[in-house]
Amino acid sequence: MTGEDRATRLREAKARLRSHLEHRGLRSTRQRDAVLEAFLAADAHVSVEELCERVRDAHRSIGAATVYRCMGLFVQAGIAKERRFHEGRIRYEPGVGTEHHDHLICLACGDIQEFENPTIERLQDEIAGSRGFSVTYHRLELYGLCPRCKKIS
Ligand SMILES: [Zn+2]
Ligand SMILES: [Zn+2]
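The shown structure was predicted, so the numbers you read here are calculated from the model rather than taken from an experiment. (Residues numbered from 1 in each chain as written. Chains lettered and ligands numbered in written order. Predicted model: local features only at pLDDT ≥ 70, side-chain atom pairs only at ≥ 80, totals over all residues. Heavy atoms only, no water.)

## Looking at the nonpolar core
This is how the line gets drawn: What makes a nonpolar core is a set of buried Ala, Val, Leu, Ile, Met, Phe, Trp, Tyr and Cys residues whose side-chain atoms join them at distances within 4.5 Å. Accessibility here uses a 1.4 Å probe with only protein chains present; expressed as a share of the type maximum, an area under 20% marks a residue as buried, one over 50% as exposed, and anything in between as partly exposed. By definition, residues are in contact when any of their heavy atoms lie within 4.5 Å.
Ranked by internal contacts, the top residues of the largest apolar core, which has 26 residues, are Val35, Leu36, Phe39, Leu51, Val67, Met71 and Phe74. Every residue in contact with Val67, bar those within four places of it in the chain, is listed here: Val35, Val48, Leu51, Cys52, Val55 and Ile62.

And the structure:
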């Protein structure tokens with residue numbers, strides 16, 4: 001992702017957050033903005049623990065409870081998406097400026113790769129359609145060893 005893409009995404013996320021807050025009669029705060037910036041600057045699939053560390057580096061006054069509350073709000077506003085992979089802990093990825101994608105997860109080092117395959121998408125729709133099922137969303141997660149970990153083991 002280029003710096004320009006990041007800037008566009010941040011602007012879009014801020015606009016979406018503002019309208020979400022206005023809808024609820026809330027105002028945006030500097031803390032919320034700081035958490036949003038740290039979230040979008042982090043790698044995709046960041047955990048709350050990792051995010052707290054990042055936020056604390058820049059803003060000593062922001063505690064974990066605030067980060068948790070903000071992330072809940074961002075999910076409601078559609079800015080963040082919650083993911084729960086095998087480890088059970090919640091991870092977040094941006095909900096703006098990203099297309100639908102699925103994941104490859106390394107069980108050894110925890111590396112998370114994204115992929116998108118039109119054939120798989122189409123096949124899923126076909127299977128659901130043939131059974132008269134209409135899909136709201138899907139998750140496809142492939143677990144195994146990444147090339148680096150495969151070499152070591
Ligand atoms: Zn690995
Ligand atoms: Zn992802």
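## Overview of the coordination of the zinc ion (ligand 1)
We apply this condition: Water is absent from the atoms considered, so a metal site may look incomplete; donors are defined as N, O and S atoms within 2.8 Å of the metal, or 3.2 Å for Na, K and Ca. All geometry calls rest on donor angles, where a four-donor set with angles between 85 and 135 degrees is tetrahedral, four- and six-donor sets with opposite donors more than 155 degrees apart and all others between 65 and 115 are square planar and octahedral, and all else is irregular. Think of it this way: any DSSP run of H or I at least four residues long counts as a helix, any run of E at least two long counts as a strand, and we number them from the N terminus.
Taken together, Cys106 (SG), Cys109 (SG), Cys146 (SG) and Cys149 (SG) make up the full set of protein donors to the zinc ion (ligand 1), lying 2.3 Å away. Coordination at the zinc ion (ligand 1) is tetrahedral, judged from the 4 donor atoms that bind it and the angles of 104 to 115° they form at the metal. Considered as a linear motif, the donors of the zinc ion (ligand 1) on their single chain read C-x2-C-x36-C-x2-C. A residue pair is termed long-range when its members are at least 10 positions apart, and Cys109 in the loop between strand 4 (102-106) and strand 5 (112-115) and Cys146 in the loop between strand 6 (141-144) and helix 6 (147-152) qualify at 37 residues.

## A short note on the coordination of the zinc ion (ligand 2)
The zinc ion (ligand 2) binds to the protein through His45 (NE2), Glu93 (OE), His101 (NE2), His103 (NE2) and Glu114 (OE); the donor distances cover 2.0 to 2.2 Å. Counting gaps between the donor residues of the zinc ion (ligand 2) yields the pattern H-x47-E-x7-H-x1-H-x10-E. Of this pair, His45 sits in the loop between helix 2 (30-41) and strand 1 (46-47) while His103 is found in strand 4, placing the two residues 58 residues apart along the sequence. Here His103 falls in the buried class, since its relative accessible area comes to 1%.

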